Amino acid sequence: MKDYISEIEAGQMKAETPEFRVGDTVKVSNRIKEGNRERTQIFEGTVIKIQGTGARKTFTVRKLSNGVGVEKTFPIHSPNVEGVAVVREGKVRRAKLYYLRERTGKSARVKALVK
């Protein structure tokens, strides 16, 4: 049974996936369909979690918009996600950054990773 599912999922996965980690600030290019028009919308924010494996792998991006926290979850292998560009790499010691939800302003920043 599992062999059938993994074969179907393998056909739906992208050949190249973007390289980013939790804590990075990313720009996600998302394809949006409005009626008969299609456009690309960019969502820029901090990756607060990555979860799942295979074709079900998703990541959640959080940003502050007019003082209100907005989170969006994107499937990595979705055809609607055109690309993910890393703006800034972050240095974190957690796999999930849920603590950023209670913070605003300077305390909500993630330190930059120095290479």
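Everything here concerns the structure above.
Since we're looking at a predicted model, the values are computed, not measured.

Conventions adopted
Residues numbered from 1 in each chain as written. Predicted model: local features only at pLDDT ≥ 70, side-chain atom pairs only at ≥ 80, totals over all residues. Heavy atoms only, no water. Core = buried A, V, L, I, M, F, W, Y, C linked by side-chain atoms within 4.5 Å. Buried < 20%, exposed > 50% of the residue type's maximum accessible area, 1.4 Å probe, protein only. Helix = DSSP H or I, 4+ residues; strand = E, 2+ residues; numbered from the N terminus. Phe/Tyr/Trp six-rings, centres within 6.5 Å; stacked < 30°, edge-to-face > 60°. Salt bridge = Lys/Arg side-chain N within 4 Å of Asp/Glu carboxyl O. Contact = heavy atoms within 4.5 Å.

With respect to the nonpolar core
In step 1: Counting eleven residues, the largest nonpolar core is built from Phe 20, Val 26, Val 28, Phe 43, Val 47, Phe 59, Val 61, Phe 74, Ile 76, Val 81 and Val 84.
In step 2: Contributions of two or more residues to this core are made by strand S1 (25-34), strand S2 (37-51), strand S3 (58-65) and strand S5 (81-88).
In step 3: The next biggest cluster of nonpolar side chains, apart from the first, holds five residues, and it includes Ile 48, Leu 97, Leu 100 and Val 110.

So, the packing of aromatic side chains
In step 1: Inspection of every chain in the model, using the stated rule, returns three aromatic pairs.
In step 2: When the centroid spacing of 4.8 Å and the interplanar angle of 65 degrees are considered together, the rings of Phe 20 and Phe 59 count as edge-to-face. Here Phe 20 is found in the loop between helix H1 (2-12) and S1, whereas its partner Phe 59 is found in strand S3, with 39 residues between them in sequence. Exposure class is identical for Phe 20 and Phe 59. Each is buried.

Concerning the pattern of salt bridges
In step 1: The full count for this structure, using the stated rule, is seven salt bridges.
In step 2: A salt bridge links Arg 62 to Glu 71, with the shortest nitrogen-to-oxygen separation between them at 3.1 Å.
In step 3: Given a relative accessible area of 30%, Glu 71 falls into the partly exposed group.

As for unusual backbone geometry
In step 1: In this structure, Asn 66 takes a positive phi of about 55 degrees despite not being glycine.
In step 2: Of note, Asn 66 is situated in the loop between S3 and strand S4 (68-75).

Some points on the environment of Val 84
In step 1: If you trace the backbone, Val 84 turns up in strand S5.
In step 2: For Val 84, a relative accessible area of 17% puts it in the buried group.
In step 3: On a C-alpha basis, the gap between Val 84 and Glu 19 in space is 8.4 Å, while along the polypeptide they are 65 residues apart.
In step 4: Leaving out residues up to four positions away in the same chain, Val 84 has contacts with Pro 18, Phe 20, Val 26, Lys 27, Val 28 and Phe 59.

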